[in-house]
Amino acid sequence: MMISTVGIVGAGTMGNGIAQACAVSGLNVVMVDISEAAVNKGIAAVSGSLDRLLKKEKITAADKAAALARIKGCTHYGDLTGAQLVIEAATENFDLKVKIVKQLDDMLAPEVIVATNTSSISITKLAAVTGRADRFIGMHFFNPVPMMALVEIIRGLQTSDATHAAVHAMATQLGKTPITVKNAPGFVVNRILVPMINEAFFVLAEGLATPEDIDNGMKLGCNQPIGPLALADMVGLDVCLAVMDVYLQEFGDSKYRACPLLKEMVAAGYLGRKTGQGVYSY
């Protein structure tokens, strides 16, 4: 299947980032959200992001205008019917995603592919509530979408080869590097990353080094662009804790137990950058 128009449900950080990546690559985009205000905010975010690229001379003014012209914002799912691929990019909540994909399933033509942008929710479980399980797939984009090269493409048990091939080709067209992943908690990147962050909290709790030295050790010793504790503050300590709890529940392996210090900080409301206080103060 050739994909020329992409529908996106959700105009928030991930949704507008995906919209920008698609539009810059020459794809038409229909971006839907619950209100005109949310849609306008999403388009404004794309415009601001393109302005930053323009200032850095990575795109021209004509490139910006062309990309924005390819994005149609709306508040009705009916406007998605011309898309060959619709990406659900709503909040990371299973019940909400089920509601959205069921609505999409009822109104989209049978051949349309539906993808969910998720970092943790089972693709197989979501596919099972649709009537197009073979045309359902996961696309895990990374934030900020326009800058991050990776897309995890997650196959549910039911996902067809044709669906995978079409989405893989589309991700490549966006200039991304897709990796194919089987459905499992955390997929690949977060399955490795979040336990590493959790272990950094154990190291901190044991007083082995200061937060700055832990982060510098990983940056300079492992060539990471940001240390695990600073990254936890960026992601949100509550998010890190929730992911660890999911792993412990799904795998039943004590190696996924959350560090007590991480739990204590979340209980105190020290969630990272979004609250102004995490491992570091902001």
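Structure shown above.
What you see is a predicted model; the values in this text were computed from it and never measured. (Residues numbered from 1 in each chain as written. Predicted model: local features only at pLDDT ≥ 70, side-chain atom pairs only at ≥ 80, totals over all residues. Heavy atoms only, no water.)

Below, the discussion takes up the packing of aromatic side chains. Tallied over the entire structure, the rule returns three aromatic pairs. What links up through ring pairs into an aromatic cluster is the set Tyr 247, Phe 251 and Tyr 256. Lying across the ring of Phe 94, Lys 125 places its NZ or CZ 4.8 Å from the centre. (Phe/Tyr/Trp six-rings, centres within 6.5 Å; stacked < 30°, edge-to-face > 60°. Lys NZ or Arg CZ within 6 Å of the ring centre and 35° of its normal.)

Turning next to the nonpolar core. One finds Leu 85, Ile 87, Met 139, Phe 141 and Met 170 to be the most contacted residues of the largest nonpolar core, which totals 35 residues. With sequence-adjacent residues up to four places away left out, Phe 141 is seen in contact with Met 14, Ile 18, Ile 87, Asn 117, Leu 150, Val 151 and Leu 174. (Core = buried A, V, L, I, M, F, W, Y, C linked by side-chain atoms within 4.5 Å. Buried < 20%, exposed > 50% of the residue type's maximum accessible area, 1.4 Å probe, protein only. Contact = heavy atoms within 4.5 Å.)

Turning to the side chain of Thr 116, a few remarks are in order. Here Thr 116 shows up in strand β5 (residues 113–116). For Thr 116, a relative accessible area of 0% gives the class buried. (Helix = DSSP H or I, 4+ residues; strand = E, 2+ residues; numbered from the N terminus.)

Take the pattern of salt bridges next. Following the criterion strictly, the structure yields seven salt bridges and no others. Across the pair Lys 97 and Glu 88 runs a salt bridge, and its minimum N-O distance is 2.7 Å. The same class applies to Lys 97 and to Glu 88, which are both buried. Here Asp 134 ties to Arg 135 by a salt bridge, and the two come within 3.1 Å at their closest N and O atoms. (Salt bridge = Lys/Arg side-chain N within 4 Å of Asp/Glu carboxyl O.)

The strand order across the open sheet formed by eight strands is β3-β2-β1-β4-β5-β6-β7-β8, and the pairing between neighbours is mixed. Whereas interior strands pair on both sides, the edge strands pair on one side only; in this sheet they are β3 (71–74) and β8 (177–182). When strand polarity is set aside, the average angle formed by the axes of neighbouring strands in this sheet is 25°. With three bridges joining them, β5 and strand β6 (residues 136–141) adopt parallel strand pairing. The residue bridging Thr 116 from the neighbouring strand is Gly 138, located in β6. (Pairing = 2+ DSSP bridges. Axes fitted to C-alpha atoms, helices over the stretch in contact; angles between N-to-C directions.)

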